[in-house]
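# Coordinate inspection notes
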Amino acid sequence: MSAVLKNLIEQPYRHGFVTDIEADTAPKGLSEDIIRFISLKKSEPDWLLEFRLKAYRHWLTMKEPAWPNVKYPKIDFQDIIYYSAPKPKAKLASLDEVDPELLRTFEKLGVPVHEQKALAGVAVDVIFDSVSVTTTYKKKLADAGVIFCSMSEAVRDHPDLVKKYLGTVVPHGDNFYAALNSAVFTDGSFCYIPKGVKCPMELSTYFRINTESSGQFERTLIVAEEGAYVSYLEGCTAPKFDTNQLHAAVVELVALDRAEIKYSTVQNWYAGDEEGRGGIYNFVTKRGLCKGAASKISWTQVETGSAITWKYPSCILQGAGSVGEFYSVALTNHRQQADTGTKMIHIGPNTRSRIISKGISAGGSNNSYRGLVQIGPKAENARNYSQCDSMLIGSECGANTFPYIRVQNQTAKVEHEATTSKIGEEQLFYFQSRGIEMEAAVSMIINGFVKDVFTQLPMEFAVEAGRLLGLKLEGSVG
Amino acid sequence: MIRGDAKILLEVRNLSAKVAGVAILKGVSLTVRAGEVHAIMGPNGSGKSTFAKALVGHPAYEITSGEATFEGRNLFELAAEERARAGLFLGFQYPVEIPGVANAQFLRLAYNTIQGARGGDELDPLEFDDFVREKMKLLDIAPSFLERSVNEGFSGGEKKRNEILQLALLEPKLAFLDETDSGLDIDALRIVAAGVNRLVTPANAIVLVTHYQRLLNYIVPDYVHVMDGGRIVKTGGKDLALELESRGYDWVAAEAAAA
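What comes next concerns the included structure. As the structure is a computational prediction, the values presented were derived from the model and not from experiment. (Residues numbered from 1 in each chain as written. Chains lettered and ligands numbered in written order. Predicted model: local features only at pLDDT ≥ 70, side-chain atom pairs only at ≥ 80, totals over all residues.)

Secondary structure summary: chain A contains 11 helices and 24 strands in total. Contacts spanning at least 24 positions in sequence make up 83% of the contacts within chain A whose residues lie at least 6 apart. (Helix = DSSP H or I, 4+ residues; strand = E, 2+ residues; numbered from the N terminus. Contact = placed C-beta atoms within 7 Å.)

Looking now at the overall build of chain B. Tallying secondary structure elements over chain B gives 8 helices and 12 strands in all. By the compact-globule yardstick of 18 Å for 259 residues, chain B fits well, its C-alpha radius of gyration being 18 Å. Viewed in the frame of its principal axes, chain B has a C-alpha envelope of about 60 × 40 × 40 Å. Within the span of chain B, comprising 259 residues, buried residues form 44% of the whole. In chain B, 70% of the contacts between residues at least 6 apart in sequence involve partners at least 24 apart. (Rg over C-alpha atoms; globule rule 2.2 N^0.38 Å. Buried ≥ 20, exposed ≤ 12 C-beta atoms within 10 Å, placed from the backbone.)

Residues and elements named next belong to chain B. In this fold, Asp121 is placed in the loop between α3 (103-118) and α4 (125-138). Exposure remark for Asp121: the 9 C-beta atoms within 10 Å place this residue in the exposed category. Placed 10 residues apart in sequence, Asp121 and Tyr111 show a C-alpha to C-alpha distance of 9.9 Å.

So, on to helix α8 (residues 176-184) of chain A. Residues and elements named next belong to chain A. Among the 9 residues that make up α8, 8 are buried, leaving the element largely enclosed by the rest of the structure. All of the buried residues in α8 are Tyr177, Ala178, Ala179, Leu180, Asn181, Ser182, Ala183 and Val184. Buried positions along α8 lie against α2 (32-41), α3 (46-60), β8 (219-224), β11 (250-255) and β13 (279-290).

Moving on: the nonpolar core. Residues and elements named next belong to chain A. The biggest cluster of nonpolar side chains holds 195 residues, and the ones touching the most others in it are Ala224, Val230, Leu253 and Ile261. Of all the elements, helix α10 (residues 438-454) adds the most residues to this core, at 10 residues. Look past the residues within four positions of Val230 in its chain and what remains in contact with it is Cys191, Ile193, Cys199, Leu203, Ile222, Ala224 and Ile261. (Core = buried A, V, L, I, M, F, W, Y, C linked by C-beta atoms within 7 Å.)

A few words on the sheet that holds strand β9 (residues 174-178) of chain B. Residues and elements named next belong to chain B. Strand order across the open sheet formed by 6 strands is β6-β9-β10-β3-β11-β12, with mixed pairing between neighbours. What marks the edges here is a single partner per strand, and that holds for β6 (88-91) and β12 (231-236). Neighbouring strand axes in the sheet, compared pairwise and without regard to direction, differ in orientation by 20° on average. By the bridge criterion, 4 bridges tie β6 to β9 in an arrangement that is parallel. Bridge pairing in β9 links Leu90 to Phe176. (Pairing = 2+ DSSP bridges. Axes fitted to C-alpha atoms, helices over the stretch in contact; angles between N-to-C directions.)

Here the focus is the interface of chain A and chain B. On the side of chain B, 20 residues touch chain A, which itself brings 17 residues to the contact. Top element by residues in the side of chain A that touches chain B is helix α9 (residues 425-432) of chain A. It accounts for 6 residues.

Attention now moves to the packing of helix α5 (residues 156-170) of chain B against helix α6 (residues 186-199) of chain B. Residue and element names in this part refer to chain B. Orientation of α5 relative to α6, taken along the N-to-C sense of each, is 10°, at an axis distance of 10 Å. What the angle tells us is that α5 and α6 run roughly parallel. In this structure, α5 uses Gly157, Lys160, Arg161, Ile164, Leu167 and Ala168 to contact α6, whose residues at the interface are Ala188, Val192, Gly195, Val196 and Leu199. (Parallel < 35°, antiparallel > 145°, perpendicular 65-115°, else oblique.)

In this section: α3(A). All names here are of chain A. With 15 residues, α3 ought to run about 21 Å at 1.5 Å a step, and its terminal C-alpha atoms sit 21 Å apart, in line with that. Buried within α3 we find Phe51, Arg52, Ala55, Tyr56 and Trp59. One face of α3 carries all of its buried residues, which in axial projection span an arc of 130°. When the buried face of α3 is taken as reference, the exposed residues oriented beyond 90 degrees from it are Asp46, Glu50 and Leu60. The elements touched by buried residues of α3 are α2 and α8. (Expected span 1.5 Å × (residues − 1). Arc of directions from axis to C-beta.)

Mapped onto the elements, Ala85(A) comes out in strand β2 (residues 84-86). Residue Ala85(A) is classed as buried on the basis of its C-beta count, with 22 C-beta atoms lying within 10 Å.

Glancing now at the sheet that holds strand β4 (residues 61-70) of chain B. All names here are of chain B. Strand order in the open sheet formed by 4 strands is β2-β1-β4-β5, and the pairing between neighbours is antiparallel. For this open sheet the edge positions go to β2 (22-33) and β5 (73-74), each flanked by a neighbour on one side alone. Summarising the sheet, β4 and β5 pair through 2 bridges and their orientation is antiparallel. Considered in β5, the bridge of Thr69 is made with Asn74.

Of all residues except glycine, most have a negative phi; of all peptide bonds, most are trans. All names here are of chain A. Phi at Asn350 takes a positive value of approximately 55°, unusual for a residue other than glycine. Relative to the helices and strands, Asn350 is located in the loop between β19 (343-346) and β20 (352-361). Looking at Asn350, the number of C-beta atoms within 10 Å reads 19, which means it is partly exposed.

Right, let's get into the packing of α3(B) against α5(B). All names here are of chain B. Their axes nearest at 10 Å, the elements α3 and α5 cross at an angle of 30°. One way to sum up the angle between α3 and α5 is to call them roughly parallel. The two elements α3 and α5 cross, and the hand of that crossing is right-handed. Only Gln166, Leu169 and Leu170 of α5 make contact with α3, whose side of the interface consists of Leu107, Ala110, Tyr111 and Ile114. Along the lines of polarity and charge, the residues of the contact of α3 with α5 split into 6 nonpolar, 1 polar and no charged. (Left-handed = near helix turned anticlockwise from the far one by under 90°. Nonpolar A, V, L, I, M, F, W, Y, C, P; charged D, E, K, R; others polar.)

Now the structure itself:
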């Protein structure tokens, strides 16, 4: 048991390799020409190019946000590659024609790109740098009426749906990074669950950044019609580079009457080395709109990667009686920084939200929870419960909680609880004095700490996530 | 029970140790054979708890000289968890709280770890549940103990009972019980003492670290040692405890100084 754990813990970042593959790459830098280049590459309709240009022009007027509790050198947005795609050998008709090098990459990462080898019941959209490589189980999903494809395909095959919803939850000028994404997004996943359909399997997107100094700007849009249900999983990795890579995604969710969307993320980008060299800057805008009555959106995230994490998966609770949930485990080690949390915007009456945030800081890292609970004037009987717990491992790290609460309706009930605890020498010794190794002790304490969040994850993800936490805490105690 | 031919479990010679740079133990020697019950008594700050913690491997205690063997193995070459697996146990004076970790889960991990080290059978959660509930009945412990987080929000007496429950589960060869009687009312003391007495066999041994004679009415020691200034200054039989009760510790210290 202990030897196995030790092996696990002493493994370096496993996904840090680079695939040597011929790529179709745009020159570095950002301009209207680059945006036109991307749009042309993807044979997009005019309205989408217009959307991009509008966002770009707006972005030029915006300033990078300075309020997050994170520190990093100024990003040179002209030093980033905004489009990089593995060069297709020819037009692809099936997976058999995908570059075998690419397939091997995902095999190495443990991502099921072949349906016959896939985890039962999970359909996967695989994104490599800027483009979607393949989507599995398309046919089975289509039989149920579910559309699950890359954003590029959706623009081509379902333009009306995309046009109807794109930018409705996160408008093109929403914030600095959302505007940047709107201008240059290259691919992402699109899911559409028609009225009354319970999606027959878990949907999953796997993101991989490969090219050095390329950014990843994917855009995900999930629409659940009346009474529909979908559970969606997102996983990410990137190779190890000494330079930082920018990941600025936008995720939009729309739930109509009685629809439910469950969105889970296990994020394992490269976090940089122990001194903080390299790693992903993860500046992401994720927002769900509970548009219909009694709809529900649930975010679950396990954040272990990234040099810097800056994201607030949020819910706008517009429909009467709609429900928003946010379950988060954010782990930082070494020099990692995280400023993450959620926003619950209560607009409709009888809306409810629940926030469970667990921050774990180790090494010399800094971990902040930042959350907003806003109860609007018409949100009669709105309820919120927030619980923010921090755990410190060692004495070099930091944890902060920044809760913002705005209530404009007297009938609202808002609760906030926060705790901070520390894994101390005495606790570890207590385990050791019963024969238990330190690593097993830490893992048991951490698992106890994150239990409320992990129970929200789909099974396979929960196992993977638990393993990840162990890996990430390598050498942080003792 | 004293048998001169019984196997030596613990042999400590001239042990010195310091905490945060301050010398606490200044040459302690002690031999514990299988089947024996020892009591280490002495005033506050005499080094009793330090002695127990240093032997089980608490990281805050630095061994500066001397040696200790457990069944012939050099204790100081073993990590704390290895000493536990070899059969050492410490019932803590102040058991630490571990929020978020269910007691049942912790107890099972400890049990299976120790069983694994002995080549015994590990128990799955259901088997363990039956097993631990039996043990709890003997110690008059409420079933809710299992669902609660380890020691979290436990009263002083509950924490001590949880230590004795671990003693009963892990069946160590040599157990140090550090001030197990403090914080217990008379009923709880009786139950805990009965639990400990049941665990004493010819094959194992117990070292009670205690301030008061009270506990020794229930658990009768074969040897009573008095510790003062980081040394064992006097050793006697169970009557020594009674004498200490009536006369205090000062005379022992004076006697030792004169010698």
